[in-house]
Amino acid sequence: MDKLTEYKINSYLIMDEVTRHCLELTKTRNRMKTKGSVYWFLNYTKTPMGTRLLKKYLSEPLLDEEIISNRLNAVEELISNTQNLEKCEQILDDFCDLSRMCAKLSNTTIYPKDLYLIVKDSVRLKNINKIIKQFKSKLLKMDEEKLNEVIEIAEKINLAINENSSNDIKNGSIINDGYDSNLDYLRLELKKMFCEMSNFELKQQKITGIKNLKIKHSKIIGYYIEISNSKQHNIPKEYYKKQTLTNCIRYSCDELKNIEIKINNLKYRINELEYALYCEIRKSASKYTQTIRLLAKDIANIDVLISYSRCAINNNFVKPKFNKTKINIKNGFHPSLMKLNNEIIKNDTNLDFNTMMILTGANMSGKSTFLKYNALISLLSQIGSYVPATSADVSVLNRIFLRQGSTDDIINNNSSFMVEMNDLKYILDNITDSSLVLLDEPAKSTNAREGGAIARAFCEYLLEKSNAKVILVTHNYELTKLENDFPTRALNYVIGDEPKVEANEINRKIKRGKINGSYALATAKLAGLPKTVLEKAKKYM
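In this text the structure is predicted, and so the values were computed from the model without any measurement. (Residues numbered from 1 in each chain as written. Predicted model: local features only at pLDDT ≥ 70, side-chain atom pairs only at ≥ 80, totals over all residues. Heavy atoms only, no water.)

Draft legend 1. Here's a closer look at the overall build of the protein. Counting secondary structure elements, the protein contains 18 helices and 15 strands. Relative to a compact globule of 541 residues, whose C-alpha radius of gyration would be 24 Å, the protein shows 36 Å and is clearly more extended. Along the longest, intermediate and shortest principal axes, the C-alpha atoms of the protein span 115 × 60 × 45 Å. Burial analysis of the protein (541 residues in total) assigns 48% to the buried set. Looking at the protein alone, contacts between residues at least 24 apart form 70% of all its contacts between residues at least 6 apart. With an accessible surface of roughly 27,800 Å², the protein has 48% of that area assigned to carbon and sulfur atoms. (Helix = DSSP H or I, 4+ residues; strand = E, 2+ residues; numbered from the N terminus. Rg over C-alpha atoms; globule rule 2.2 N^0.38 Å. Buried < 20%, exposed > 50% of the residue type's maximum accessible area, 1.4 Å probe, protein only. Contact = heavy atoms within 4.5 Å. Areas by Shrake-Rupley, 256 points an atom, 1.4 Å probe, with all protein chains shown as cover.)

Take a look at the structure:
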């Protein structure tokens with residue numbers, strides 16, 4: 001950590017934990033998998049830094065329209081120059097995790113191989129800088145002064161560190177030849193000793209008459225002369241036993257021992273010197289940690305903007321516009337459904353300041369999906385991304401509340417209905433005029449009469465006490481009567497009017513109106529419930 005920075009919560013759109021869970025920002029709600037989440041369809045990042053930043057952006061939609069517009073303009077510029085976009089993608093694909101490497105560098109736990117990655121990434125930084133220089137957006141720029149600093153330290157590392165060094169920093173082979181004269185001298189002396197060892201081996205072959213005699217090495221007993229049992233009659237007197245095996249005996253002698261001592265001494269001195277030199281280089285490189293980290297942030301930001309651009313190109317997303325009070329979306333849809341190759345139903349949304357949209361319709365008509373993608377289009381707009389629609393003109397929201405069903409909370413001793421009531425209270429306590437409230441069957445975890453009464457009273461409170469934009473999805477026909485009491489603010493819409501559910505044919509286009517029926521029996525039949533169950537259910541209706 002280089003420094004502490006102030007986190008200002010009033011700079012970001014606020015979403016409570018339940019809303020984030022319902023929107024499936026990084027994990028799906030039911031299976032807790034990445035596939036199907038918002039992050040999944042939006043993620044075309046190439047670097048680990050970009051991947052993390054994308055998740056951060058998703059959890060922190062912006063409120064500052066100028067910063068949002070800067071991101072959108074950068075994306076627009078990238079989309080208009082796909083050739084340079086593709087070049088950037090190719091370079092980004094090879095970047096290491098510079099941010100994590102900075103952490104290792106600052107706490108001196110970095111290995112030589114990782115340190116050498118600065119050399120490789122400095123080349124990539126230079127190459128991508130040449131491309132992004134052609135763009136006008138400030139968000140697609142890098143600090144050239146800092147880039148030159150990294151190139152400078154990279155050159156020093158390249159001179160010193162062996163590209164193929166191991167992660168064993170105390171066992172040699174880290175520093176390049178020619179970097180340090182003392183190290184070069186010791187390495188030359190070591191080579192001489194190995195030559196002396198080879199000459200000693202030839203000498204012993206002549207003395208013993210054993211042409212295939214070899215000097216070998218073991219970590220346990222060091223250097224030794226191995227002679228098989230069948231040739232034990234040719235053993236010189238100066239040999240002494242080091243180890244006896246089933247098929248052979250291993251020997252040594254004073255001359256071999258002296259050579260071994262010199263070799264081990266030289267290896268020790270080389271390793272000690274290499275480690276000292278490496279520590280110096282590491283210390284020198286650590287002074288540039290903050291510089292590398294800042295460039296890593298630049299790369300991460302560029303990676304995310306390129307990811308937005310690639311997503312927009314591949315899925316025909318559009319650049320959103322902003323106004324002060326309305327949400328006007330033309331042909332909006334849920335982007336995950338497109339990537340999953342599921343059926344896409346596009347619908348319009350027109351929500352003004354202090355308007356409540358009451359949506360009724362058949363089961364399986366897409367009401368819950370409609371809720372989600374309206375929230376997502378606003379969210380994507382405020383992270384600076386293009387959106388899944390033909391056109392989108394939206395206002396900047398400071399809060400989103402989404403509630404879709406509830407389960408009990410055993411840990412806090414709350415029933416499912418109590419959880420719902422706590423959720424409704426949380427909304428009433430925190431709602432603002434710039435909020436978007438999305439409700440799927442409020443107060444349904446109790447009997448229909450009492451739950452409907454609470455839902456009606458809650459909706460009336462929202463209409464009377466707040467100017468927030470609200471979308472309410474319900475099978476409770478009583479709630480459609482709100483339009484009679486608030487004719488300019490509560491507007492009824494219908495989806496799935498007169499469906500042929502048995503044939504899985506549902507008109508999923510939204511229009512003004514209301515419907516008194518959910519076609520639940522048809523859906524149950526489609527699910528495969530036994531005929532006897534369906535017939536009995538029909539009698540009870």
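Further notes follow.
Draft legend 2. Structural detail: the sheet that holds strand β5 (residues 248-252). Reading across from one edge, β2-β3-β5-β4 is the order of the four strands in this open sheet, with antiparallel pairing throughout. At either margin of the open sheet sits one strand with a lone partner, and together these are β2 (215-218) and β4 (240-244). Recorded for the sheet is a direction-independent mean angle of 45° between the axes of neighbouring strands. The pairing of β4 with β5 spans four bridges and is antiparallel. Bridge pairing in β5 places Thr 244 opposite Ile 249. (Pairing = 2+ DSSP bridges. Axes fitted to C-alpha atoms, helices over the stretch in contact; angles between N-to-C directions.)

Draft legend 3. Representation of the environment of Lys 531 within the structure. With respect to the helices and strands, Lys 531 occurs in helix α18 (residues 531-540). Assessed through its relative accessible area of 62%, Lys 531 is described here as exposed. As a C-alpha pair, Lys 531 and Pro 236 span 295 residues in sequence and 99 Å in three-dimensional space.

Draft legend 4. Layout of the packing of aromatic side chains. The tally for this structure, following the rule as stated, stands at five aromatic pairs. Taking 6.5 Å as the distance between ring centres and 70° as the angle between the ring planes, the aromatic pair formed by Phe 41 and Phe 317 counts as edge-to-face. You can see Phe 41 sitting in helix α2 (residues 38-42) and its partner Phe 317 sitting in the loop between α11 (289-315) and β6 (321-323), a full 276 residues away along the chain. The pair Phe 41 / Phe 317 is uniform in exposure class, with both members buried. Ring centres of Phe 370 and Tyr 373 lie 5.5 Å apart, and the angle between their planes is 80°; on these two criteria the pair is classed as edge-to-face. Here Phe 370 pairs with Tyr 373, and both are found in helix α13 (residues 367-382), just three residues apart, close to one helical turn. Of the two residues, Phe 370 and Tyr 373, neither departs from the other in class, the shared state being buried. One aromatic cluster in this structure is built from Phe 41, Phe 317 and Phe 333. The ring of Tyr 57 is capped by Arg 71, whose NZ or CZ atom sits 3.7 Å from the centre of that ring. (Phe/Tyr/Trp six-rings, centres within 6.5 Å; stacked < 30°, edge-to-face > 60°. Lys NZ or Arg CZ within 6 Å of the ring centre and 35° of its normal.)

Draft legend 5. Inspection of the side chain of Asn 129 at higher detail. Along the chain, Asn 129 turns up in helix α7 (residues 112-132). On the basis of relative accessibility, which here comes to 6%, the residue Asn 129 falls in the buried class. When residues no more than four places from it in sequence are discounted, the contact partners of Asn 129 are Met 142, Glu 144 and Leu 147.

Draft legend 6. Highlighting the pairing of strand β3 (residues 222-228). Across the seven residues that make up β3, a large majority, five, are buried. Relative to β3, β2 runs antiparallel, the two being bridged by four bridges. Opposite Ser 218, over in β3, you have Gly 222 as the bridge partner. The antiparallel pairing of β2 with β3 creates a hairpin that spans three residues between the two strands.

Draft legend 7. Representation of the nonpolar core within the structure. Within the largest apolar cluster, 128 residues are counted, with the highest numbers of intra-cluster contacts made by Leu 115, Ile 157 and Ile 161. Beyond its immediate stretch of four places on either side in the chain, Ile 161 contacts Pro 112, Leu 115, Tyr 116, Ile 174, Ile 175, Asn 176, Tyr 278 and Ile 281. Judged by nonpolar contacts, the second largest core, of 21 residues, contains Met 356, Ile 358, Leu 424 and Val 470. (Core = buried A, V, L, I, M, F, W, Y, C linked by side-chain atoms within 4.5 Å.)

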